[in-house]
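# Working through the structure, step by step
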Amino acid sequence: MGEHHHHHQSGKNLKVAFFLNLGFTILEIFGGLYVNSIAIISDAVHDLGDSLALGSAWYLDKKSKQGSDKKFSFGYSRFSLLGALINSIVLIGGSIYVISEAFGRLLNPEPTDAKGMFYFAIVGILVNGYAAWKMSGGKSLNEKVVSWHLLEDVLGWVAVMIVAIVLNFKDIPFLDPALSLLITAYILWGVVGRLKETLYVFLQGVPKEIDLVEIEKELLAIDHVQSLHHTHIWSLEGEHHVFSTHLKLERITTFENILEVKNEAKAHLKKYHFKHFTIETELDTENCDLVSD
């Protein structure tokens, strides 16, 4: 009952955060053009990426509840990687556009509406602050990541507000594009890091928190295990991991010996909390067709 309630609440929170963020992003784009602030437009591009992330997170929160079928035998949890990849590409593309615009403004400064920037900053802090608060109690990885991004948005708007206050008292036109470059550089730094992690999972890299060599040592220490091969560890979507291996056995005299090896191997693997693991056992008189792979 508690787990079901959490899934329902997480979907509801993501839905609220998505519509808040999307509505504000649209307002932000028009507002940034109106007050002629490239800093606000750069944050709008960031918020557009966050809206895509929130939308895909909301959709995938429901989609991930689907079990396996004939098309996707592991279920649909891996679809979240596709959303992360799309979001990263959109944010990188938007950031490159904003950087080119900001450099143009540095070379040819244009006046901005400081009061308009200030009012937009207040709205931005309130909207993103409320959305971050809604997501702050989340338990899932999706909710925690979204909450952190929304908190980043709040801090970005605080910076916009500070610049707006300075511009209101002193005409320093390069402050706005300079702030835009700082915001965009920070966004790119985070996005590139997330993109690298996403591609690593896409390419089925061994999860960084799991030591493959250590697991192999543990399995080789089991009595009757001569060697192992075709050992693989990968992640479905960065949170749930999969393991498979072939154990070559020796000195097997009874069927109970095989069961003892399998049970001990399972006991070792359970502490790693794999979503799924497969253990193939082979006698020392057998030749594995996959041993050369």
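Note that the structure is a prediction, hence the values are computed from the model and not measured.

## Description of the overall build of the chain
Each helix and strand in the chain was counted, giving eight helices and three strands. Across the chain, contacts joining residues at least 24 apart in sequence account for 73% of those joining residues at least 6 apart. When the accessible area of the chain is evaluated, it comes to approximately 16400 Å², of which 64% is carbon and sulfur surface.

## Here we look at the pattern of salt bridges
By the definition in use, this model includes three salt bridges. Across the pair D223 and R251 runs a salt bridge whose closest N-O atoms are separated by 3.2 Å. With D223 in the loop between helix 7 (212-220) and strand 1 (225-235) and R251 in the loop between strand 2 (241-249) and helix 8 (255-270), the pair connects residues that are 28 residues apart, well separated along the chain. Among the residues examined, R251 registers a relative accessible area of 49% and is labelled partly exposed. Between R251 and E250 there is a salt bridge, and its shortest N-O distance comes to 3.9 Å. Ionic contacts of the salt-bridge type, sharing partners, join the residues D223, E250 and R251 into one network.

## A word on the pairing of strand 3 (residues 276-283)
Note that strand 2 and strand 3 share eight bridges and pair parallel. Residue pairing in the sheet places H246 in a bridge with E280 of strand 3. Assessed by its sense of winding, the connection that carries the chain from strand 2 through helix 8 to strand 3 is right-handed.

## A few points about the UniProt feature "transmembrane region" (unreviewed entry) in the chain
As annotated by UniProt and renumbered to match this structure, "transmembrane region" (unreviewed entry) occupies residues 16-34, 81-104, 116-133, 145-166 and 172-192. Taken as a whole, residues 81-104 contains 100% helix and 0% strand, while its terminal C-alpha atoms sit 35 Å from one another. With 100% helix and 0% strand, residues 116-133 has end C-alpha atoms that lie 26 Å from one another.

## Some points on the side chain of N257
You can see N257 is positioned in helix 8. For N257, a relative accessible area of 10% corresponds to the buried category. For N257, the side chain forms a polar contact with the side chain of T253, separated by 3.0 Å. Non-local contacts of N257, meaning those with residues more than four positions away in its chain, are made with H224, R251 and I252.

## A closer look at the sheet that holds strand 2
Taking strand neighbours across the sheet as the criterion, the three strands line up as 1-2-3 in an open arrangement whose pairing is mixed. Unpaired on one side and paired on the other, strand 1 and strand 3 mark the two borders of the sheet. In this sheet, neighbouring strand axes are inclined to one another by 10° on average, regardless of whether the strands run parallel or antiparallel. Looking at chain direction, strand 1 and strand 2 are connected through eight bridges and run antiparallel. Counted as the bridge partner of I233 is F243 from strand 2. Packing against the sheet, helix 8 makes contact with strand 1, strand 2 and strand 3, and its axis sits at approximately 150° to strand 3.

Thresholds, definitions, all that
- Residues numbered from 1 in each chain as written.
- Predicted model: local features only at pLDDT ≥ 70, side-chain atom pairs only at ≥ 80, totals over all residues.
- Heavy atoms only, no water.
- Helix = DSSP H or I, 4+ residues; strand = E, 2+ residues; numbered from the N terminus.
- Contact = heavy atoms within 4.5 Å.
- Areas by Shrake-Rupley, 256 points an atom, 1.4 Å probe, with all protein chains shown as cover.
- Salt bridge = Lys/Arg side-chain N within 4 Å of Asp/Glu carboxyl O.
- Buried < 20%, exposed > 50% of the residue type's maximum accessible area, 1.4 Å probe, protein only.
- Pairing = 2+ DSSP bridges.
- Right-handed = clockwise from strand over helix to strand, strands pointing away.
- UniProt positions renumbered as here; feature names shortened; annotations may be inferred.
- Polar contact = N/O pair within 3.5 Å; in protein donor to acceptor, adjacent residues only side chain to side chain.
- Axes fitted to C-alpha atoms, helices over the stretch in contact; angles between N-to-C directions.

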